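Spelled out from the first residue to the last, the chains are:
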Amino acid sequence: MPVPDGGPANVVVVLLDSLNRHALGCYGGTEWATPNLDRFAARSVRFTNHHTGSLPCIPARHDLLVGALDFLWKPWGSIELWEEAITASMRRAGVVTQLISDHPHLFETGGENYHTDFTAWAYERGHESDPWKTRPDPSWVGAPDFGRGHTHYDTSRGYFRDEDDFPGPRTMTAAARWLRDVAPQHRAAGERFFLFVDEFDPHEPFDTPERWASMYDADWEGAHMIWPPYRVGAVEAGLLSPREARQVRAQYGGKLSMIDHWFGRLLDELDATDGWADTAVVVCTDHGHYLGEPDVHGDDVWGKPAIPVYRTLGHTPLMIWWPGAAGGSTCDGLTTTADLHATLLDAFGLHAAHRTHGHSLLPLLHGAATEVRDWLLTGVWGREVHLVTNEWRYARGPVGENAPLSMWSNRWTTMPIGRAPDFKMPPPDDRAALDRMPGSSVPVIRQPFQAGDLLPFWAYASRYETLLFDRVDDPFETRDLVADSAARGPVAEATELLRHALLSVDAPDDQLVRLGL
């Protein structure tokens, strides 16, 4: 496959799950050490205004690999009949594609066909919900679980004897080995390649061996607190003491520093093979993770509870090494996850046959433009829909009851819950009808939901909110302009722009009704 003029022959994407932007030294973080991510940032274009799209884990990977927002149409699920992963287009174009991952959701119901169009894939077993082992090693005594109950990880954990047995180090070692031993062979054969390293660290459990586990909390006694609660006001409610809250944060920091260390092995192989000369490298995440940061009401937030998407979760890191681009520079243009899909299309000279929502970042990387979009949409299906611009972060909740809603899918899958295997998506009923997704002629099941219906669990929240933050004057999101009678003008502008954005992507009409638009 010919290489576009001046472009890279190959692309490596490293996705580190739940990577907090403000935790990285290259983004101003000082609490935890990230020397290798900082090392990579020093040679890359560092994006300062990058944000989530569809949330959480699998929906974000849908944005990246398929390029189409799906959170307005369905909650979490497989690639549908009317679309395809970019790896299918790459295969037809002769690009070699390799997935290396320890992400369990890619190999279970709800994410089961994201890996199938890769030329090859390697799954490093044992992370979080992976049903890897049937019997536990009795030497592992467990850790506080905050009501999670027994998990697959409790069964698997005792089999990690040394640091290099943990899933994250194994994944990074496999990726580094592929770059050292396999990538040069493809180069020699004139074959282009795409390597996707989907690394689940630093996602919980924040479990690491010693040197990392005590690195940021050396005085802690007892089992380390590796499972964060998913809760608003955990400290205020007494679920966590202030001392325990510090320990949970320290365990996230330990896991972040550990995976940063092993990420350095991948960089070392790029150095040793001179891979930088013909290979673009992207480092990104799916979303952040709350570690006690306050919401607008002053409550401490932990995990990914059902609340609006604040900057901690939604304002994410993105760093790109692109041969020919100005390394060590910053880009302030507004970007989102689906834009990475569009950039990969450009890099390999491909076109998507289905409707997509991304904009290529090449104009930003080459300095030909300072912006590629004026707004973006982000959120979780059935909850608040968010508009982000350079000026605003606007969360719009339902007006009245959270209805009407509809789910559009022909696969009807979602994230399984290991401890509750029979808790599944409510099946379509006699109200379901065949419809068409925007830009597609393929019939799709459209299941309507009204107030009082059993909903897919993603839609449930203790409350839904409408909030507006001025990202310029209030970057830490402490003042809600919706509650400010003097800010009616900006609220009205943001509301109308959100309506325009939803119409621009042909969002389901029930979304506009539900949101009072």
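Not measured: the values here are computed from a predicted model.

The rules behind the values
Residues numbered from 1 in each chain as written. Predicted model: local features only at pLDDT ≥ 70, side-chain atom pairs only at ≥ 80, totals over all residues. Heavy atoms only, no water. Helix = DSSP H or I, 4+ residues; strand = E, 2+ residues; numbered from the N terminus. Rg over C-alpha atoms; globule rule 2.2 N^0.38 Å. Buried < 20%, exposed > 50% of the residue type's maximum accessible area, 1.4 Å probe, protein only. Contact = heavy atoms within 4.5 Å. Areas by Shrake-Rupley, 256 points an atom, 1.4 Å probe, with all protein chains shown as cover. Lys, Arg positive; Asp, Glu negative; His and termini not counted. Charge placed at Lys NZ, Arg CZ, Asp CG, Glu CD. Core = buried A, V, L, I, M, F, W, Y, C linked by side-chain atoms within 4.5 Å. Salt bridge = Lys/Arg side-chain N within 4 Å of Asp/Glu carboxyl O. Pairing = 2+ DSSP bridges. Axes fitted to C-alpha atoms, helices over the stretch in contact; angles between N-to-C directions. Arc of directions from axis to C-beta. Parallel < 35°, antiparallel > 145°, perpendicular 65-115°, else oblique. Nonpolar A, V, L, I, M, F, W, Y, C, P; charged D, E, K, R; others polar. Phe/Tyr/Trp six-rings, centres within 6.5 Å; stacked < 30°, edge-to-face > 60°. Lys NZ or Arg CZ within 6 Å of the ring centre and 35° of its normal.

Caption draft 1: The arrangement of the overall build of the chain in detail. Scanning the chain from N- to C-terminus turns up 11 helices and 20 strands. Taking 24 Å as the expected radius of gyration for a compact globule of 517 residues, we find that the chain reaches 22 Å, a close match to that expectation. Projected onto its principal axes, the C-alpha coordinates of the chain cover approximately 60 × 60 × 50 Å. Within the span of the chain, comprising 517 residues, buried residues form 61% of the whole. Relative to all contacts within the chain whose residues are 6 or more apart in sequence, the contacts with residues 24 or more apart total 73%. Approximately 19200 Å² of the chain is accessible, and the part contributed by carbon and sulfur atoms is 51%. A distance of 2 Å separates the average location of the 45 positive side-chain charges in the chain from that of its 72 negative side-chain charges.

Caption draft 2: Just the nonpolar core, in detail. Residues Val13, Phe47, Phe194, Phe196, Ile320 and Leu361 are the most contacted members of the largest nonpolar core, which totals 57 residues. A total of 5 residues in this core trace back to one element, the largest contributor, which is helix H2 (residues 57-66). Every residue in contact with Val13, bar those within four places of it in the chain, is listed here: Leu64, Phe194, Leu195, Phe196, Val197, Val282, Cys284 and Leu344. Core analysis: the next-biggest nonpolar cluster, separate from the first, contains 47 residues, Ala23, Ala174, Trp220 and Val248 among them.

Caption draft 3: Layout of the pattern of salt bridges. Scanning all chains against the criterion turns up 32 salt bridges. In this structure, Glu80 and Lys74 form a salt bridge, with 3.0 Å as the shortest nitrogen-oxygen distance. Each member of the pair Glu80 and Lys74 is classed as buried. Measuring nitrogen to oxygen at the nearest pair gives 2.8 Å for the salt bridge that ties Arg411 to Glu112. With a gap of 299 residues between them, Arg411 in the loop between strand E17 (405-408) and strand E18 (433-436) and Glu112 in the loop between strand E4 (96-101) and strand E5 (120-123) connect regions that are remote in the sequence. In this structure Glu112 comes out as partly exposed when scored by relative accessible area, which is 24%. Residues participating in the shared-partner salt-bridge network are Asp17, Arg61, Asp198 and Asp286.

Caption draft 4: Just the sheet that holds strand E3 (residues 54-55), in detail. Ordered in space as E3-E14-E15-E16-E20, the 5 strands form an open sheet in which the pairing is mixed. Each edge of the open sheet is held by one strand with a lone partner, namely E3 and strand E20 (467-470). Inspection of the sheet shows strand E15 (residues 385-388) paired to strand E16 (residues 392-396) by 4 bridges, in the antiparallel sense. Considered in E16, the bridge of Val385 is made with Arg396. Sitting on the sheet, helix H10 (residues 488-504) is in contact with strand E14 (376-380), E15, E16 and E20, with an inclination near 70° to E16.

Caption draft 5: Quick peek at the sheet that holds strand E10 (residues 300-303). Spatially, the 3 strands line up as an open sheet ordered E7-E10-E9, and their pairing is antiparallel. Every interior strand has two partners, whereas the edge strands, strand E7 (231-232) and strand E9 (290-294), have only one. Sheet topology note: the E7/E10 ladder contains 2 bridges and is antiparallel. Bridge pairing in E10 places Val232 opposite Val301.

Caption draft 6: Layout of the pairing of E10. In this structure, E9 lies alongside E10, joined through 3 bridges in antiparallel fashion. Pairing of Leu291 across the sheet is with Trp302, part of E10. Taking the residues between adjacent antiparallel strands as the criterion, E9 and E10 are bridged by 5 residues, where Gly298 takes a positive phi near 90°.

Caption draft 7: Representation of the environment of Met90 within the structure. Structurally, Met90 can be placed in helix H3 (residues 86-92). C-alpha separation for the pair Met90 and Arg192, spaced 102 residues apart in sequence, amounts to 9.6 Å. Among all residues touching Met90, those that are not within four sequence positions of it are Val95, Thr97, Phe194, Leu344, Phe348 and Leu350.

Caption draft 8: Spotlight on helix H1 (residues 35-43). All of the buried residues along H1 are Asn36, Leu37, Phe40 and Ala41. The buried residues of H1 all sit within an arc of 145° when viewed along its axis, so they share a single face. Of the exposed residues in H1, the ones pointing more than 90 degrees away from its buried face are Pro35 and Ala42. Elements in contact with the buried residues of H1: strand E1 (10-16), helix H6 (242-272), strand E8 (279-284) and strand E11 (315-321).

Caption draft 9: Inspection of the side chain of Thr87 at higher detail. Along the polypeptide, Thr87 turns up in helix H3. Among the residues examined, Thr87 registers a relative accessible area of 0% and is labelled buried. Excluding residues that lie within four positions of it along the chain, Thr87 makes contacts with Thr97, Asp117, Phe118 and Phe194.

Caption draft 10: Broad picture of the packing of helix H5 (residues 167-188) against H6. For the pair H5 and H6, the least separation of the axes is 8 Å and the interaxial angle reads 5°. By the angle between their directions, the pair H5 and H6 is classed as roughly parallel. Here Gly168, Pro169, Met172, Thr173, Ala175, Ala176, Leu179 and Arg180 of H5 come into contact with H6, specifically with Met258, Ile259, Trp262, Phe263, Arg265, Leu266, Glu269 and Leu270. Class assignment of the residues belonging to the contact of H5 with H6 gives a composition of 11 nonpolar, 2 polar and 3 charged.

Caption draft 11: Broad picture of the packing of aromatic side chains. Under the definition given, this model contains 20 aromatic pairs. Plain terms: the ring middles of Trp76 and Trp458 are 5.1 Å apart, the flat faces sit at 10° to each other, and that makes the pair stacked. Here Trp458 lies in the loop between strand E19 (443-449) and E20 and Trp76 lies in the loop between H2 and H3, a separation of 382 residues in the sequence. Connected via pairs of aromatic rings, a cluster forms that spans Trp132, Tyr153, Tyr159, Phe160, Phe166 and Trp227. It is Arg46 that lies over the ring of Tyr27; its NZ or CZ is 5.1 Å from the centre. A cation over an aromatic ring shows up here: Lys133 above the ring of Tyr159, its NZ or CZ 4.7 Å from the ring centre.

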